[in-house]
Amino acid sequence: MIDPAPLLALALDAAFGWPEFLYRHIGHPVGLFAQFLNRAARRGNIASHSFARRRGAGIIAMLILLLLVISTATALEHGAQIWLGAYAPFAIALLAWPGLAQRSLYTHVRDVAQALEQGGLAAARAAVGKICGRDTQALDRHGVARAAIESLAESLSDAVVAPLFWFLIGGLPGLWAYKAINTADSMIGHKDAEWRAFGWAAARADDIANLLPARLSGLLICLAGMSGWRIMWGHASRHASPNSGWPEAAMAGALKLRLAGPATYDGILHHKRWIGQGRSDATPAQLRLALRLYIRSLILLWLLVGAYLWAQ
(Lines give C-alpha, C1' and ligand atoms only; values in the text may rest on other atoms or scores of the structure.)
Protein backbone atom coordinates (compact mmCIF):
# COMPACT_ATOMS: atom_id res chain seq x y z
CA MET A 1 0.00 0.00 0.00
CA ILE A 2 1.27 3.46 -0.90
CA ASP A 3 2.27 5.61 2.07
CA PRO A 4 0.44 8.90 1.43
CA ALA A 5 2.29 10.90 4.11
CA PRO A 6 4.96 12.49 1.82
CA LEU A 7 2.41 13.58 -0.78
CA LEU A 8 0.03 14.80 1.92
CA ALA A 9 2.82 16.87 3.48
CA LEU A 10 3.68 18.32 0.08
CA ALA A 11 0.02 19.15 -0.53
CA LEU A 12 -0.36 20.88 2.84
CA ASP A 13 2.73 22.98 2.23
CA ALA A 14 1.71 23.84 -1.34
CA ALA A 15 -1.75 24.88 -0.20
CA PHE A 16 -0.95 26.77 3.00
CA GLY A 17 2.79 27.23 3.45
CA TRP A 18 3.42 27.78 7.15
CA PRO A 19 0.57 30.16 8.05
CA GLU A 20 1.39 33.38 9.85
CA PHE A 21 -1.11 32.70 12.61
CA LEU A 22 0.61 29.39 13.40
CA TYR A 23 3.99 31.11 13.40
CA ARG A 24 2.70 33.76 15.81
CA HIS A 25 1.16 31.23 18.21
CA ILE A 26 3.55 28.27 18.14
CA GLY A 27 6.54 29.50 16.15
CA HIS A 28 8.38 27.04 13.94
CA PRO A 29 10.40 23.94 14.93
CA VAL A 30 13.63 25.39 13.55
CA GLY A 31 13.30 28.12 16.17
CA LEU A 32 13.95 25.46 18.81
CA PHE A 33 17.04 24.33 16.93
CA ALA A 34 18.25 27.93 16.83
CA GLN A 35 17.75 28.36 20.57
CA PHE A 36 19.76 25.21 21.28
CA LEU A 37 22.57 26.26 18.93
CA ASN A 38 22.77 29.75 20.39
CA ARG A 39 23.13 28.32 23.90
CA ALA A 40 25.68 25.76 22.74
CA ALA A 41 27.69 28.48 20.98
CA ARG A 42 27.76 30.67 24.09
CA ARG A 43 29.23 27.79 26.07
CA GLY A 44 31.46 26.16 23.48
CA ASN A 45 32.55 28.79 20.96
CA ILE A 46 34.72 30.87 23.24
CA ALA A 47 37.48 32.84 21.53
CA SER A 48 40.04 32.09 24.25
CA HIS A 49 39.65 28.34 23.74
CA SER A 50 41.88 26.46 21.32
CA PHE A 51 40.77 25.64 17.79
CA ALA A 52 40.60 21.92 18.63
CA ARG A 53 38.54 22.53 21.76
CA ARG A 54 36.03 24.68 19.87
CA ARG A 55 35.79 22.12 17.07
CA GLY A 56 35.17 19.39 19.63
CA ALA A 57 32.47 21.49 21.28
CA GLY A 58 30.80 21.95 17.90
CA ILE A 59 30.85 18.22 17.21
CA ILE A 60 29.32 17.48 20.62
CA ALA A 61 26.65 20.16 20.08
CA MET A 62 25.66 18.63 16.74
CA LEU A 63 25.53 15.12 18.18
CA ILE A 64 23.31 16.23 21.06
CA LEU A 65 21.04 18.21 18.73
CA LEU A 66 20.64 15.26 16.37
CA LEU A 67 20.04 12.86 19.26
CA LEU A 68 17.28 15.08 20.63
CA VAL A 69 15.67 15.64 17.24
CA ILE A 70 15.81 12.04 16.05
CA SER A 71 14.56 10.60 19.34
CA THR A 72 11.67 13.06 19.50
CA ALA A 73 10.67 12.52 15.86
CA THR A 74 10.94 8.74 16.25
CA ALA A 75 8.71 8.80 19.33
CA LEU A 76 6.12 10.93 17.54
CA GLU A 77 6.17 8.74 14.44
CA HIS A 78 5.89 5.49 16.39
CA GLY A 79 3.23 6.97 18.66
CA ALA A 80 1.15 7.93 15.65
CA GLN A 81 1.50 4.47 14.15
CA ILE A 82 0.53 2.77 17.40
CA TRP A 83 -2.35 4.99 18.43
CA LEU A 84 -3.81 6.02 15.09
CA GLY A 85 -3.28 2.92 12.98
CA ALA A 86 -4.51 3.50 9.43
CA TYR A 87 -4.82 7.24 10.14
CA ALA A 88 -1.15 7.57 11.15
CA PRO A 89 -0.02 8.92 7.74
CA PHE A 90 -2.27 11.94 8.21
CA ALA A 91 -0.68 12.77 11.57
CA ILE A 92 2.82 12.15 10.21
CA ALA A 93 2.08 14.45 7.26
CA LEU A 94 1.00 17.18 9.67
CA LEU A 95 4.23 16.76 11.62
CA ALA A 96 6.31 16.84 8.42
CA TRP A 97 4.44 19.81 6.93
CA PRO A 98 6.53 22.62 8.53
CA GLY A 99 9.72 20.94 7.30
CA LEU A 100 8.92 21.82 3.67
CA ALA A 101 8.97 25.28 2.12
CA GLN A 102 7.59 25.13 -1.43
CA ARG A 103 5.03 27.89 -0.99
CA SER A 104 7.02 30.23 1.22
CA LEU A 105 9.99 30.13 -1.16
CA TYR A 106 7.75 30.94 -4.12
CA THR A 107 6.06 33.76 -2.19
CA HIS A 108 9.33 35.37 -1.11
CA VAL A 109 10.78 35.36 -4.63
CA ARG A 110 7.50 36.55 -6.14
CA ASP A 111 7.58 39.49 -3.75
CA VAL A 112 11.00 40.47 -5.11
CA ALA A 113 9.70 40.26 -8.68
CA GLN A 114 6.66 42.38 -7.86
CA ALA A 115 8.78 45.06 -6.17
CA LEU A 116 11.12 45.24 -9.17
CA GLU A 117 8.20 45.43 -11.61
CA GLN A 118 6.68 48.28 -9.65
CA GLY A 119 9.95 50.19 -9.58
CA GLY A 120 10.53 49.86 -5.86
CA LEU A 121 14.24 49.13 -5.63
CA ALA A 122 14.33 49.72 -1.87
CA ALA A 123 11.42 47.34 -1.38
CA ALA A 124 13.06 44.79 -3.68
CA ARG A 125 16.31 44.99 -1.71
CA ALA A 126 14.41 44.44 1.52
CA ALA A 127 12.51 41.50 0.02
CA VAL A 128 15.59 39.76 -1.35
CA GLY A 129 17.37 40.35 1.96
CA LYS A 130 14.92 37.87 3.53
CA ILE A 131 16.17 35.01 1.37
CA CYS A 132 19.88 35.68 0.82
CA GLY A 133 22.82 36.41 3.08
CA ARG A 134 24.67 39.01 1.03
CA ASP A 135 24.63 42.75 1.60
CA THR A 136 21.72 44.09 -0.43
CA GLN A 137 21.88 47.85 0.01
CA ALA A 138 24.31 48.38 -2.85
CA LEU A 139 22.58 46.03 -5.30
CA ASP A 140 21.08 47.52 -8.43
CA ARG A 141 17.95 46.10 -10.07
CA HIS A 142 19.95 43.45 -11.95
CA GLY A 143 21.83 42.46 -8.82
CA VAL A 144 18.60 42.06 -6.87
CA ALA A 145 17.09 39.89 -9.63
CA ARG A 146 20.24 37.74 -9.79
CA ALA A 147 20.32 37.29 -6.02
CA ALA A 148 16.67 36.20 -6.02
CA ILE A 149 17.24 33.72 -8.86
CA GLU A 150 20.29 32.25 -7.12
CA SER A 151 18.41 31.90 -3.82
CA LEU A 152 15.45 30.29 -5.61
CA ALA A 153 17.69 27.69 -7.24
CA GLU A 154 19.69 26.88 -4.11
CA SER A 155 16.64 26.80 -1.86
CA LEU A 156 14.83 24.39 -4.18
CA SER A 157 17.44 21.93 -2.96
CA ASP A 158 17.89 23.08 0.64
CA ALA A 159 14.26 23.78 1.52
CA VAL A 160 12.27 21.36 -0.64
CA VAL A 161 14.14 18.52 -2.32
CA ALA A 162 16.54 17.68 0.51
CA PRO A 163 14.00 17.53 3.38
CA LEU A 164 11.66 15.52 1.16
CA PHE A 165 14.50 13.19 0.15
CA TRP A 166 15.34 12.46 3.77
CA PHE A 167 11.64 12.09 4.62
CA LEU A 168 11.40 9.35 1.99
CA ILE A 169 14.62 7.71 3.19
CA GLY A 170 14.25 8.04 6.95
CA GLY A 171 10.69 9.02 7.71
CA LEU A 172 9.93 11.82 10.13
CA PRO A 173 13.30 11.42 11.95
CA GLY A 174 15.13 11.73 8.62
CA LEU A 175 13.33 14.92 7.64
CA TRP A 176 13.83 16.69 10.96
CA ALA A 177 17.41 15.51 11.34
CA TYR A 178 18.09 17.14 7.98
CA LYS A 179 16.33 20.34 9.04
CA ALA A 180 18.44 20.46 12.19
CA ILE A 181 21.63 20.03 10.16
CA ASN A 182 20.62 22.63 7.59
CA THR A 183 19.64 25.12 10.29
CA ALA A 184 22.96 24.59 12.04
CA ASP A 185 24.87 25.10 8.81
CA SER A 186 23.07 28.37 8.09
CA MET A 187 23.73 29.64 11.62
CA ILE A 188 27.23 28.45 12.45
CA GLY A 189 28.65 26.66 9.40
CA HIS A 190 30.71 29.63 8.24
CA LYS A 191 34.36 29.83 7.24
CA ASP A 192 35.24 33.05 9.05
CA ALA A 193 37.49 32.93 12.09
CA GLU A 194 34.61 33.17 14.56
CA TRP A 195 32.83 30.02 13.36
CA ARG A 196 35.36 27.94 11.42
CA ALA A 197 36.11 25.65 14.34
CA PHE A 198 32.79 25.43 16.17
CA GLY A 199 30.74 25.21 12.96
CA TRP A 200 32.94 22.64 11.23
CA ALA A 201 30.69 19.68 12.09
CA ALA A 202 27.55 21.51 10.99
CA ALA A 203 29.08 22.49 7.64
CA ARG A 204 30.44 19.01 6.90
CA ALA A 205 27.15 17.34 7.90
CA ASP A 206 25.23 19.67 5.60
CA ASP A 207 27.62 18.93 2.72
CA ILE A 208 26.91 15.21 3.13
CA ALA A 209 23.15 15.60 3.63
CA ASN A 210 22.77 17.72 0.48
CA LEU A 211 25.08 15.69 -1.75
CA LEU A 212 22.36 13.81 -3.67
CA PRO A 213 19.47 16.29 -3.27
CA ALA A 214 21.49 19.13 -4.80
CA ARG A 215 22.29 17.12 -7.89
CA LEU A 216 18.71 15.93 -8.17
CA SER A 217 17.56 19.56 -7.93
CA GLY A 218 19.87 20.50 -10.79
CA LEU A 219 18.46 17.69 -12.92
CA LEU A 220 14.90 18.78 -12.16
CA ILE A 221 15.66 22.35 -13.24
CA CYS A 222 17.28 21.17 -16.47
CA LEU A 223 14.32 18.91 -17.23
CA ALA A 224 11.89 21.72 -16.42
CA GLY A 225 13.69 24.10 -18.77
CA MET A 226 14.74 21.47 -21.33
CA SER A 227 18.17 23.10 -21.26
CA GLY A 228 21.06 23.98 -18.98
CA TRP A 229 22.74 20.57 -18.95
CA ARG A 230 26.08 21.72 -20.31
CA ILE A 231 26.37 24.65 -17.92
CA MET A 232 25.33 22.51 -14.95
CA TRP A 233 27.99 19.87 -15.64
CA GLY A 234 30.67 22.39 -16.56
CA HIS A 235 30.09 25.17 -14.05
CA ALA A 236 28.74 23.54 -10.87
CA SER A 237 32.26 23.24 -9.48
CA ARG A 238 32.77 27.01 -9.74
CA HIS A 239 30.64 27.49 -6.63
CA ALA A 240 32.41 27.50 -3.26
CA SER A 241 29.91 24.94 -2.00
CA PRO A 242 30.23 21.35 -3.25
CA ASN A 243 26.44 21.24 -3.61
CA SER A 244 24.88 24.64 -4.20
CA GLY A 245 26.56 25.02 -7.58
CA TRP A 246 24.45 22.25 -9.11
CA PRO A 247 21.00 23.86 -8.97
CA GLU A 248 22.47 27.33 -9.46
CA ALA A 249 24.40 26.32 -12.57
CA ALA A 250 21.34 24.50 -13.90
CA MET A 251 19.24 27.64 -13.45
CA ALA A 252 21.92 29.82 -15.04
CA GLY A 253 22.05 27.50 -18.04
CA ALA A 254 18.27 27.26 -18.38
CA LEU A 255 17.90 31.06 -18.26
CA LYS A 256 21.04 31.72 -20.33
CA LEU A 257 22.30 34.06 -17.61
CA ARG A 258 25.48 34.56 -15.64
CA LEU A 259 24.87 34.14 -11.91
CA ALA A 260 27.05 34.41 -8.80
CA GLY A 261 30.07 36.62 -9.43
CA PRO A 262 31.50 39.16 -6.95
CA ALA A 263 29.29 39.73 -3.90
CA THR A 264 29.61 41.57 -0.60
CA TYR A 265 28.97 39.89 2.75
CA ASP A 266 29.21 41.83 6.01
CA GLY A 267 30.99 44.65 4.19
CA ILE A 268 33.64 42.38 2.65
CA LEU A 269 33.78 41.87 -1.11
CA HIS A 270 34.12 38.23 -2.14
CA HIS A 271 35.41 37.62 -5.65
CA LYS A 272 33.25 34.63 -6.51
CA ARG A 273 33.47 33.13 -9.98
CA TRP A 274 30.70 33.67 -12.49
CA ILE A 275 28.44 30.69 -13.17
CA GLY A 276 26.84 30.43 -16.60
CA GLN A 277 27.25 32.28 -19.85
CA GLY A 278 25.52 35.22 -21.46
CA ARG A 279 24.37 38.42 -19.81
CA SER A 280 24.56 39.15 -16.09
CA ASP A 281 21.93 41.89 -16.10
CA ALA A 282 18.98 39.76 -14.97
CA THR A 283 15.55 41.32 -15.39
CA PRO A 284 12.19 40.93 -13.61
CA ALA A 285 10.99 38.98 -16.66
CA GLN A 286 13.79 36.45 -16.17
CA LEU A 287 12.97 36.26 -12.49
CA ARG A 288 9.38 35.42 -13.45
CA LEU A 289 10.70 32.76 -15.84
CA ALA A 290 12.80 31.33 -13.00
CA LEU A 291 9.62 31.06 -10.93
CA ARG A 292 7.92 29.18 -13.74
CA LEU A 293 10.88 26.81 -13.94
CA TYR A 294 10.59 26.36 -10.18
CA ILE A 295 6.91 25.39 -10.47
CA ARG A 296 7.69 22.93 -13.27
CA SER A 297 10.50 21.44 -11.17
CA LEU A 298 8.05 20.94 -8.32
CA ILE A 299 5.58 19.19 -10.61
CA LEU A 300 8.35 16.85 -11.74
CA LEU A 301 9.32 16.30 -8.11
CA TRP A 302 5.76 15.39 -7.16
CA LEU A 303 5.62 12.90 -10.03
CA LEU A 304 8.97 11.43 -9.01
CA VAL A 305 7.79 11.04 -5.40
CA GLY A 306 4.57 9.38 -6.55
CA ALA A 307 6.49 6.93 -8.73
CA TYR A 308 8.89 6.15 -5.87
CA LEU A 309 6.05 5.47 -3.45
CA TRP A 310 4.19 3.37 -6.01
CA ALA A 311 7.28 1.22 -6.48
CA GLN A 312 7.64 0.50 -2.75
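See the structure above.
Definitions and cut-offs
Residues numbered from 1 in each chain as written. Predicted model: local features only at pLDDT ≥ 70, side-chain atom pairs only at ≥ 80, totals over all residues. Heavy atoms only, no water. Helix = DSSP H or I, 4+ residues; strand = E, 2+ residues; numbered from the N terminus. Rg over C-alpha atoms; globule rule 2.2 N^0.38 Å. Buried < 20%, exposed > 50% of the residue type's maximum accessible area, 1.4 Å probe, protein only. Lys, Arg positive; Asp, Glu negative; His and termini not counted. Charge placed at Lys NZ, Arg CZ, Asp CG, Glu CD. Patch = residues over 30% accessible without salt bridge, like charges linked within 9 Å, V, L, I, M, F, W, Y side chains within 5 Å. Areas by Shrake-Rupley, 256 points an atom, 1.4 Å probe, with all protein chains shown as cover. Salt bridge = Lys/Arg side-chain N within 4 Å of Asp/Glu carboxyl O. Contact = heavy atoms within 4.5 Å. Core = buried A, V, L, I, M, F, W, Y, C linked by side-chain atoms within 4.5 Å. Phe/Tyr/Trp six-rings, centres within 6.5 Å; stacked < 30°, edge-to-face > 60°. Axes fitted to C-alpha atoms, helices over the stretch in contact; angles between N-to-C directions. Parallel < 35°, antiparallel > 145°, perpendicular 65-115°, else oblique. Left-handed = near helix turned anticlockwise from the far one by under 90°.

Colleague: Before we move on, could you go through the overall build of the chain and cite the residues and values that matter?
Modeller: In terms of helices and strands, the chain carries 13 helices and four strands. Radius of gyration (C-alpha) of the chain: 20 Å, near the 20 Å computed for a compact globule of 312 residues. Within the chain, the proportion of its 312 residues that are buried is 49%. Charge-centre separation for the chain: the mean point of 29 positive side chains lies 3 Å from the mean point of 19 negative side chains.

Colleague: Could you give an account of a nonpolar patch on the surface, naming the residues involved and the relevant values?
Modeller: Together, Ile 82, Trp 83, Leu 84, Tyr 87 and Phe 90 make up an exposed nonpolar region whose accessible area comes to about 690 Å². In terms of residue count, helix H4 (residues 51–84) provides more of the nonpolar patch than any other element does, three residues in total. Judged by relative accessible area, Leu 84 falls into the partly exposed class, the value being 38%.

Colleague: Please provide a residue-by-residue account of the side chain of Asn 210, values included.
Modeller: For Asn 210, the location among the structural elements is in the loop between helix H9 (200–209) and helix H10 (211–225). The contacts of Asn 210, once residues within four sequence positions are left out, are Ser 157, Asp 158, Ala 162, Tyr 178, Asn 182 and Asn 243.

Colleague: Go over the nonpolar core, please, and point to the residues and values.
Modeller: Nonpolar side chains in soluble globular proteins tend to end up buried together. By size, the foremost hydrophobic cluster in this structure holds 86 residues, and its most contacted members are Ile 149, Phe 167 and Met 251. Considering every element that reaches this core, the biggest residue donor is helix H8 (residues 141–188), with 21 residues. Residues in contact with Ile 149, not counting those within four places in the same chain, are Met 251, Leu 255, Leu 257, Leu 259, Ala 282, Gln 286, Leu 287 and Ala 290.

Colleague: So what about the pattern of salt bridges? Which residues, and what values?
Modeller: Scanning the model with the defined rule gives four salt bridges in all. Residues Arg 288 and Glu 117 are paired through a salt bridge, measuring 2.9 Å at the closest nitrogen-oxygen approach. With Arg 288 in helix H13 (residues 284–311) and Glu 117 in helix H6 (residues 102–117), this residue pair connects regions lying 171 residues apart in the sequence. Arg 288 gets classed as partly exposed once you look at its relative accessible area, which sits at 23%. Glu 117 sits in the partly exposed class, given a relative accessible area of 42%.

Colleague: Before we move on, can you summarise the environment of Glu 194 with the specific residues and values?
Modeller: Following the sequence through the fold, Glu 194 ends up in the loop between H8 and H9. The exposure class of Glu 194 is partly exposed, given its relative accessible area of 48%. For the pair Glu 194 and Ile 46, spaced 148 residues apart in the sequence, the C-alpha separation amounts to 9.0 Å.

Colleague: Describe in detail the environment of Ala 40, supporting the description with residues and values.
Modeller: Summarising the element assignment, Ala 40 is placed in helix H3 (residues 29–44). Note: C-alpha distance between Ala 40 and Leu 152 (112 residues apart in sequence) is 30 Å. The residues contacting Ala 40, other than those within four sequence positions of it, are Asn 45, Ala 61 and Phe 198.

Colleague: Give me the packing of aromatic side chains: which residues, what numbers.
Modeller: The full count for this structure, using the stated rule, is seven aromatic pairs. Residues Phe 33 and Trp 176 carry aromatic rings whose centres are separated by 6.2 Å and whose planes lie at 70° to one another, so their mutual orientation is edge-to-face. With Phe 33 in helix H3 and Trp 176 in helix H8, this residue pair connects regions lying 143 residues apart in the sequence. Since its relative accessible area comes to 8%, Phe 33 is described here as buried. With a relative accessible area of 8%, Trp 176 lands in the buried category. Taking 6.4 Å as the distance between ring centres and 55° as the angle between the ring planes, the aromatic pair formed by Trp 195 and Phe 198 counts as tilted. Note on Trp 195: relative accessible area 16%, which makes it buried.

Colleague: With reference to specific residues and values, describe the packing of H10 against H13.
Modeller: Where H10 meets H13, the closest approach of the two axes is 8 Å, and the angle between their N-to-C directions is 115°. In terms of orientation, H10 and H13 fall into the roughly perpendicular class. H10 and H13 meet at a crossing whose hand is right-handed. Two secondary-structure elements touch here, H10 through Leu 216, Leu 220, Ile 221, Leu 223, Ala 224 and Gly 225 and H13 through Leu 293, Arg 296, Ser 297, Leu 300, Leu 301 and Leu 304.

Colleague: Pulling in residues and values, what's your account of helix H5 (residues 88–96)?
Modeller: Residues of H5 that are buried include every one of Ala 88, Pro 89, Ala 91, Ile 92, Ala 93 and Ala 96, and no others. Check the buried side of H5 and you find it contacts helix H1 (5–16), H4 and H8.

Colleague: Which residues make up the side chain of Ser 217, and what values do they have?
Modeller: Checked against the element boundaries, Ser 217 lands in helix H10. Residue contacts for Ser 217: discarding those within four places in its chain leaves Leu 156, Ser 157, Val 161 and Pro 247.

Colleague: With reference to specific residues and values, describe unusual backbone geometry.
Modeller: In this structure, Lys 256 is a non-glycine residue whose phi angle is positive, near 55°. Turning to its location among the elements, Lys 256 is positioned in the loop between helix H12 (245–255) and strand S1 (259–260). For Lys 256, a relative accessible area of 59% translates into the label exposed. The backbone of Ala 260 sits at a positive phi, close to 65°, despite the residue not being glycine. Examined against the element boundaries, Ala 260 turns out to sit in strand S1.

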